[in-house]
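Structural characterization, general
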There are 2 protein chains.
Amino acid sequence: MDPNKKKISIAVIKRLPRYYRYLYDLLNMGITRISSKELSERMNITASQIRQDLNCFGGFGQQGYGYNVESLFREIGNILGVNETFNAVIIGAGNMGQALANYGNFEKRGFKIIGVFDVNPNIIGNKINNLTVMHMDKLDEFITNNKVDIGILTVPYDQTPVVAERLAKLGVKGLWNFSPMDLELNHDVVIENVHLSDSLMVLGYKLKEMRNKENKK
Amino acid sequence: MDPNKKKISIAVIKRLPRYYRYLYDLLNMGITRISSKELSERMNITASQIRQDLNCFGGFGQQGYGYNVESLFREIGNILGVNETFNAVIIGAGNMGQALANYGNFEKRGFKIIGVFDVNPNIIGNKINNLTVMHMDKLDEFITNNKVDIGILTVPYDQTPVVAERLAKLGVKGLWNFSPMDLELNHDVVIENVHLSDSLMVLGYKLKEMRNKENKK
DNA sequence: TAGATTGTTAATCGATTAACAATC
DNA sequence: TAGATTGTTAATCGATTAACAATC
């Protein structure tokens, strides 16, 4: 590894999509330049943090001027890889799987769903957003014949580790996991866990906290 | 505010649902006691962090013994409020709204969906998981007549701030926002943003990073 | 040139980890 | 009692914020 290039922390990476969204909005508003100060006010973070974050990847700004919205938008897009295409398969065509398959916005960001799989005979053969739900038996063949970068896991709890292992063995390098289970494989596989019920429970906690505060008044 | 009780950081809160899940699994495995060391190995975090986290809320353990799985599970559940009931309405019965309405697991954690709303005449009147989709015109009346704690926002981008404001004005204190937009209201409203495309973009970044590493070898 | 704002170094803050006395 | 493991304080680490020289 390049010893000069110090590792960029995950905290920074997680902020990039947010910058990207704000810049997209600015672009649509016809705003062509923005200073870190102005952006910091809109985003409710410090200007210092913005400059630190961006300078992890290079000097995108210009002293005395600020940042060009369009070029900064493009740069962050490049860092995030929105111009590359990532092919994904959805495993599990239940409620969540179907919702994700039907959601068109991912494609705009370079994520293309090219296959949907399930084991339920009542679902197999159904069309979801122009894709025919296939039986899991066809998974190996499909992945062998198609470049699949990402597996989207919307399977029942107990199936999650099994399917994850299977995908990893087939060479799928990225997993987007919707099961309430933390996936961690030792292989060279990157994982993003989306724990909806965790998020909901945090909301519940915050609500309780607020109620307590109200009652104390 | 109580000055003795120092504020518990959001980082700690966010780990609680994860502890809760692991303890639930341990309970199902018939394991009755666990030390922070053992749990740390399972969860891949430090034992020190576990003890620090838990001691934000009280001494749940016993020296020389460790933690009783069942009682720790119950304690964390109490902190998170799984025994309280939170009533929620879903605004936007599109793909995501329907998926969330159909997902039964939230109810187990005390979150009950009692109403689903939309503006699309083709959807209104449909049954989703025993709930009839209502027109947004009925929202005010519904919230006035029912205790609604949480608004689940699965509406299109441009509708998000409008609906959020409307819910806040009607006295809904918690918002679970699925729009790719950061909601922040000044009112006494707590918000959890779920940004699926942000998460996907982070996965894309990680994938790109891994590819680069592979190529360097 | 003067003013503005970056890039970057230094200071601060908070979160994580280590250590160990207390105690079951 | 001896061994184990907590609760808690202290040390470390990393991330955020502040400050300012560089420069457009």
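Calculation notes
- Residues numbered from 1 in each chain as written.
- Chains lettered and ligands numbered in written order.
- Predicted model: local features only at pLDDT ≥ 70, side-chain atom pairs only at ≥ 80, totals over all residues.
- Heavy atoms only, no water.
- Helix = DSSP H or I, 4+ residues; strand = E, 2+ residues; numbered from the N terminus.
- Buried < 20%, exposed > 50% of the residue type's maximum accessible area, 1.4 Å probe, protein only.
- Contact = heavy atoms within 4.5 Å.
- Areas by Shrake-Rupley, 256 points an atom, 1.4 Å probe, with all protein chains shown as cover.
- Lys, Arg positive; Asp, Glu negative; His and termini not counted.
- Charge placed at Lys NZ, Arg CZ, Asp CG, Glu CD.
- Phe/Tyr/Trp six-rings, centres within 6.5 Å; stacked < 30°, edge-to-face > 60°.
- Axes fitted to C-alpha atoms, helices over the stretch in contact; angles between N-to-C directions.
- Left-handed = near helix turned anticlockwise from the far one by under 90°.
- Nonpolar A, V, L, I, M, F, W, Y, C, P; charged D, E, K, R; others polar.
- Core = buried A, V, L, I, M, F, W, Y, C linked by side-chain atoms within 4.5 Å.
- Near = heavy atom within 4 Å.
- Polar contact = N/O pair within 3.5 Å; in protein donor to acceptor, adjacent residues only side chain to side chain.
- Least-squares fit on C-alpha atoms with pLDDT ≥ 70 in both.
- Arc of directions from axis to C-beta.
- 1 Å grid on protein atoms, 1.4 Å probe; cavity = no way out; pocket = protein on both sides within 12 Å on 5 of 7 lines; lining within 4 Å.
- Points joined across faces, edges and corners; volume = space filled by probe spheres on them.
- Pairing = 2+ DSSP bridges.

Details of the overall build of chain A
Scanning chain A for helices and strands turns up 9 helices and 9 strands. Residues counted as buried form 50% of the 217 residues belonging to chain A. At a minimum sequence separation of 6, the contacts of chain A that also span at least 24 residues come to 55%. Roughly 11,000 Å² of accessible area belongs to chain A as shown, and the carbon and sulfur atoms make up 48% of that amount. Separation of charge centres in chain A, based on 27 positive and 23 negative side chains, amounts to 7 Å.

Brief notes about unusual backbone geometry
All names here are of chain A. Here the phi dihedral of N44 falls at roughly 65 degrees; this positive angle occurs in a residue that is not glycine. You will see that N129, though not glycine, has its phi angle at about 50 degrees, which is positive. Within the fold, N129 resides in the loop between β5 (127-128) and β6 (131-135).

Quick notes on the packing of aromatic side chains
In this structure the tally under the stated criterion is 14 aromatic pairs over all chains. Note on F86 of chain A and F111 of chain A: the rings are 5.2 Å apart at their centroids and 15 degrees apart in plane angle, and the pair reads as stacked. One end of the pair, F86 of chain A, is in strand β3 (residues 86-91); the other, F111 of chain A, is in strand β4 (residues 111-118), with 25 residues separating them in the sequence. Owing to a relative accessible area of 6%, F111 of chain A belongs among the buried residues under this scheme. Taking 5.5 Å as the distance between ring centres and 75 degrees as the angle between the ring planes, the aromatic pair formed by F117 of chain B and F142 of chain B counts as edge-to-face. Here F142 of chain B lies in helix α7 (residues 139-145) and F117 of chain B lies in strand β4 (residues 111-118), a separation of 25 residues in the sequence. On the accessibility criterion, F142 of chain B (14% relative accessible area) is buried.

Details of the environment of V155 of chain A
Residue and element names in this part refer to chain A. Locating V155 in the fold gives a position in the loop between β7 (150-153) and α8 (160-169). What makes V155 buried here is its relative accessible area of 14%. In the structure, V155 is positioned 87 residues away from N68 in sequence and 43 Å away in space, judged by C-alpha atoms. When neighbours within four sequence positions are excluded, V155 is seen to be in contact with I91, G92, T160, V163 and S179.

Some points on the packing of helix α1 (residues 10-28) of chain A against helix α4 (residues 69-80) of chain A
All names here are of chain A. The N-to-C vectors of α1 and α4 enclose an angle of 150 degrees; their axes lie 9 Å apart at closest approach. For the crossing formed where α1 meets α4, the hand is left-handed. On the side of α1, the interface is formed by L16, P17, Y19, Y20, L23, Y24, L26 and L27, while α4 contributes V69, E70, L72, F73, I76, G77, I79 and L80. Each residue belonging to the contact of α1 with α4 can be placed in one class, and the counts come to 14 nonpolar, 1 polar and 1 charged.

Here we look at the nonpolar core
In this structure, L100, I150 and W176 of chain A together with L100, I150 and W176 of chain B are the most contacted members of the largest nonpolar core, which totals 108 residues. Residues V89, I91, F117 and L183 of chain A belong to the second largest nonpolar core, which totals 21 residues.

Section: the protein's contact with DNA strand C
Near DNA strand C, the surroundings consist of 25 residues, among which S36 and Y67 of chain A together with S48, Q52 and Q62 of chain B are the closest. A distance of 3.1 Å separates a base nitrogen of DNA strand C from a polar side-chain atom of R51 of chain B. Of all the secondary-structure elements, those providing two or more residues to the surface near DNA strand C are α3 (47-55) of chain A together with α3 (47-55) of chain B. Element by element, the count of residues in the surface near DNA strand C is highest for α3 of chain B, at 4 residues. Residue composition of the surface near DNA strand C, grouped by class: 3 nonpolar, 18 polar and 4 charged.

Points about the relation of the copies chain A and chain B
Take chain A, turn it by 180 degrees, move it 0.0 Å along the axis, and it overlays chain B with an RMSD of 0.0 Å. Here the two chains are linked by the operation of a two-fold rotation axis. Of every C-alpha in chain A, the one belonging to A99 of chain A sits nearest the axis of rotation, 3.1 Å from it. Looking at the interface residues of chain A, 100% of them are also at the interface in chain B, so both copies use one shared face.

Points about the protein's contact with DNA strand D
Every one of the 25 residues lining DNA strand D counts as a neighbour, but S48, Q52 and Q62 of chain A together with S36 and Q52 of chain B are closest to it. A share of 56% of the atoms of DNA strand D within 4 Å of the protein falls on sugar and phosphate groups. Here a sugar or linking oxygen of DNA strand D and a side-chain polar atom of Q49 of chain A are 3.1 Å apart. In this structure, a phosphate oxygen belonging to DNA strand D sits 3.2 Å away from a main-chain N or O atom of F60 of chain B. Looking at the surface near DNA strand D, the elements that each hand over two or more residues are α3 of chain A together with α3 of chain B. By residue number, the principal contributor to the surface near DNA strand D is α3 of chain A, which donates 4 residues.

Section: α3 of chain A
Residue and element names in this part refer to chain A. Among the residues making up α3, those that are buried are A47, I50, D53 and L54. Along α3, the residues classed as buried sweep out an arc of 130 degrees about the axis, all on the same side. The elements touched by buried residues of α3 are α1, α2 (36-43), β2 (67-68) and α4.

Some remarks on the layout of surface pockets
Empty space among the atoms can be located by rolling a probe the size of a water molecule over them. Each pocket or cavity is described by its volume, and for the largest pocket that value is around 1,900 Å³. Together, 45 residues line the largest pocket, and K14 and N193 of chain A together with K14, E192 and N193 of chain B are the ones closest to its centre. Elements with a contribution of two residues or more to the lining of the largest pocket: α1, β9 (190-193) and α9 (196-216) of chain A together with α1 (10-28), β9 (190-193) and α9 (196-216) of chain B. Residue composition of the lining of the largest pocket, grouped by class: 19 nonpolar, 8 polar and 18 charged.

Brief notes about the pairing of β4 of chain A
For a regular strand, side chains alternate in direction, first toward one face of the sheet and then toward the other. All names here are of chain A. Counting buried positions along β4 gives 7 out of 8 residues, so the element sits mostly inside the fold. Pairing of β3 with β4 involves 6 bridges; the strand directions are parallel. Residue A88 lies in a different strand from β4, and its bridge partner there is I113. Taken together, the 3 bridges between β4 and β6 define a ladder with parallel strand orientation. Opposite D118, over in β6, you have H135 as the bridge partner.

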